[in-house]
Amino acid sequence: MSASTPIRTLTPQAVKAQKGGAPLVCLTAYTTPVARLADAACDIVLVGDSVGMVLHGLPSTLGVSMEMMILHGQAVMRGITRALCVVDMPFGSYEESPAQAFRNASRLLAQTGASAVKLEGGVHMKETIAFLVARGIPVMGHVGLTPQAVHALGGYKVQGRDEDAQRVMDDARAVQEAGAFAVVLEKLPRILGESITQALTIPTIGIGAGPECDGQILVIDDMLGLFADFKPKFVKRYAHLAEQAEQALAAYAQDVRARAFPGPEHSFGERS
Ligand SMILES: Nc1nc2c(c(=O)[nH]1)N[C@@H](CNc1ccc(C(=O)N[C@@H](CCC(=O)O)C(=O)O)cc1)CN2
Ligand SMILES: CC(C)(CO)C(=O)C(=O)O
């Protein structure tokens, strides 16, 4: 059903037109049931390459493959009825040339039914983004902390401090000039998130880039407390959900050990 899904979801054009309007609500999802939850709450559902770290236990996003993105993209699309679904281009699938990027982006859209791709990089990816957009593939940009460049950046550090601010601003402008419909700003000082948001005519979607962005995105597992390897500062606000999840699991373990679970009324078996 993926390739023939009717176009009834929020479109990239509608997202772009929301600049300056209601804040864009965005979350990641990697599976059908979680996509259903996110679809009900969000404007944009991202099948992020964070799936590698969050669901597969990889140490970074560098080991994520096209096959993983397609499999999770297909699962997510089965849960989407109204949000715009964007699928991440994994490391190594687009950097070599615009032609390589088109080959892989078209495969992602054809095999998942999603309507847009996201890729990391600004000035050096301008030609590639323009190449995809000219050929009918809506692109979401991603600048600032670009996790696929974690080794070059020396860790998941704040980007765009002091003299580095101009580089991130130039990257954001390049993404816009290439024709992207929106851009993710990851881990920037609040003032820079605000400046870029004011300078651009496309929506900025922030993650750790301050409240002035046109929208916000989070990894849903961080919010629900299902990812324990690290806690980015920007999800601490939702830490009570993580604590509740931990408490629920502890209560379950206690119930099982006390033989208090499940009662006959919860049995799957036939009543006798
Ligand atoms: N689950 C989860 N996984 C992710 C992301 C996320 O959003 N959540 N986003 C991408 C990676 N980006 C980040 C952004 C911030 C942090 C971060 O902030 N980490 C530590 C330490 C950072 C450091 O080394 O300075 C902290 O304490 O907050 C880590 C990965 C891909 N994987
Ligand atoms: C949400 C975000 C922006 C975090 O890096 C992302 O790109 C992902 O989940 O892969």
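Refer to the structure above for everything that follows.
All of these numbers come straight from a predicted model, not from anything done at the bench.

Details of helix α4 (residues 66-77)
Stage number 1. Here α4 spans 16 Å end to end across 12 residues, near enough to the 16 Å set by a 1.5 Å rise per residue.
Stage number 2. Among the 12 residues of α4, nine are classified as buried, and the element is accordingly described as predominantly covered.
Stage number 3. Looking at the buried side of α4, the elements it contacts are α2 (32-41), β2 (44-47), α3 (51-54), β3 (84-88) and α5 (98-112).

Some thoughts on the site of ligand 1
Stage number 1. With respect to spatial proximity, 17 residues lie near ligand 1, and among them Glu-186, Lys-187, Asp-222, Phe-227 and Pro-232 are the closest.
Stage number 2. Asp-222 places a side-chain nitrogen or oxygen 2.7 Å from a nitrogen atom of ligand 1.
Stage number 3. Against a free-state accessible area of 650 Å², the protein chains account for coverage of 77% of ligand 1.
Stage number 4. Because more than half of its atoms lie within 2 Å of the grid, ligand 1 is assigned to the largest pocket.
Stage number 5. For the shell around ligand 1, a count of residues per class yields 10 nonpolar, two polar and five charged.

Points about the pattern of salt bridges
When the charged atoms of two side chains lie near each other, side chains of opposite charge can form a pair.
Stage number 1. If you walk through the whole model with that rule in mind, you get seven salt bridges.
Stage number 2. Across the pair Arg-107 and Glu-67 runs a salt bridge whose closest N-O atoms are separated by 3.4 Å. Remark: Glu-67 occurs in helix α4 and Arg-107 occurs in helix α5; sequence separation between them is 40 residues.
Stage number 3. For Glu-67, a relative accessible area of 49% puts it in the partly exposed group.
Stage number 4. A salt bridge links Lys-126 to Glu-177; the nearest nitrogen and oxygen atoms lie 2.8 Å apart. Of this pair, Lys-126 sits in helix α6 (residues 126-134) while Glu-177 is found in helix α8 (residues 165-177), placing the two residues 51 residues apart along the sequence.
Stage number 5. Looking at Lys-126, the relative accessible area reads 31%, which means it is partly exposed.
Stage number 6. By relative accessible area, Glu-177 is classed as exposed at 54%.
Stage number 7. A cluster of three or more residues bridged by salt bridges with shared partners is formed by Asp-164, Arg-167 and Asp-171.

Details of the sheet that holds β3
Whenever strands of a sheet pair, they do so through backbone hydrogen bonds, lying parallel or antiparallel.
Stage number 1. Spatial strand order, β1-β2-β3-β4-β5-β6-β7-β8: eight strands in a closed barrel with parallel pairing. Each adjacent strand pair in this sheet contributes to an overall mean axis angle of 25°, direction not counted.
Stage number 2. Relative to β2, strand β1 (residues 24-28) is paired through three bridges, and the arrangement is parallel. Each bridged residue has a counterpart across the sheet, and for Thr-28 the counterpart in β2 is Leu-46.
Stage number 3. Each of β5 (139-144) and β6 (182-186) touches α8; the most contacted strand, β5, lies at about 175° to it.

Definitions and cut-offs
- Residues numbered from 1 in each chain as written.
- Chains lettered and ligands numbered in written order.
- Predicted model: local features only at pLDDT ≥ 70, side-chain atom pairs only at ≥ 80, totals over all residues.
- Heavy atoms only, no water.
- Helix = DSSP H or I, 4+ residues; strand = E, 2+ residues; numbered from the N terminus.
- Expected span 1.5 Å × (residues − 1).
- Buried < 20%, exposed > 50% of the residue type's maximum accessible area, 1.4 Å probe, protein only.
- Contact = heavy atoms within 4.5 Å.
- Near = heavy atom within 4 Å.
- Polar contact = N/O pair within 3.5 Å; in protein donor to acceptor, adjacent residues only side chain to side chain.
- Areas by Shrake-Rupley, 256 points an atom, 1.4 Å probe, with all protein chains shown as cover.
- 1 Å grid on protein atoms, 1.4 Å probe; cavity = no way out; pocket = protein on both sides within 12 Å on 5 of 7 lines; lining within 4 Å.
- Sits in = over half its atoms within 2 Å of the grid points.
- Nonpolar A, V, L, I, M, F, W, Y, C, P; charged D, E, K, R; others polar.
- Salt bridge = Lys/Arg side-chain N within 4 Å of Asp/Glu carboxyl O.
- Pairing = 2+ DSSP bridges.
- Axes fitted to C-alpha atoms, helices over the stretch in contact; angles between N-to-C directions.

Keep in mind these values describe shape, not function.
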